[in-house]
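Next come the chains, spelled out residue by residue.
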Amino acid sequence: LPSPGAVSSVASSATPARVSQSVAPVAGAVVSSLGGVVDRISVAVGDRVAAGDTLLTIDAMKMKNAIVAPSGGTVLSISVSVGETVDSGQILMTLG
């Protein structure tokens, strides 16, 4: 038996649990609603878009999924490229 106060090798090598952190959303961020591969980007930085315009298409499980503008604005930045694998919740671009 280990002496009182001794740390066992199991406890000392255990990986600490990850703590979920709340991060304030980025103003104007367009995030992916699903994971997949960016198939097509339909806009460029500086383009004006209206709510509902298709911004890009993500291929997920052999289905094309349009990501649309949640509101009107100007494309300020594009954070992904065609062929890139994206995760659900990943920022794809920013509108302003």
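Here's a quick rundown of the structure. (Residues numbered from 1 in each chain as written. Predicted model: local features only at pLDDT ≥ 70, side-chain atom pairs only at ≥ 80, totals over all residues. Heavy atoms only, no water.)

**Some words on the side chain of Thr-94**
Thinking step 1. Its location among the elements puts Thr-94 in strand E8 (residues 91-95).
Thinking step 2. Residue Thr-94 is classed as buried on the basis of its relative accessible area of 13%. (Helix = DSSP H or I, 4+ residues; strand = E, 2+ residues; numbered from the N terminus. Buried < 20%, exposed > 50% of the residue type's maximum accessible area, 1.4 Å probe, protein only.)

**Looking at the sheet that holds strand E2 (residues 36-41)**
Thinking step 1. The 4 strands lie next to each other as E5-E4-E2-E7, forming an open sheet whose pairing is antiparallel. Only two strands of the sheet have a single neighbouring strand rather than two, namely strand E5 (63-68) and strand E7 (85-86). (Pairing = 2+ DSSP bridges.)

**Structural notes on the pairing of strand E4 (residues 54-60)**
Thinking step 1. Within E4, 5 of the 7 residues are buried, which leaves the element mostly enclosed by the surrounding structure.
Thinking step 2. Where E2 meets E4, 4 bridges bridge the pair, whose relative direction is antiparallel. Of the residues in E4, the one forming a bridge with Val-37 is Asp-59.
Thinking step 3. Between E4 and E5, which pair antiparallel one after the other, the connecting turn spans 2 residues, and Met-61 there sits at a positive phi close to 55°.

**Let's talk about the environment of Ser-71**
Thinking step 1. Mapping Ser-71 onto the fold places it in the loop between E5 and strand E6 (73-78).
Thinking step 2. Exposure remark for Ser-71: the relative accessible area of 38% places this residue in the partly exposed category.
Thinking step 3. A sequence separation of 21 residues divides Ser-71 from Ala-50, and the C-alpha atoms of the two residues are 6.2 Å apart.

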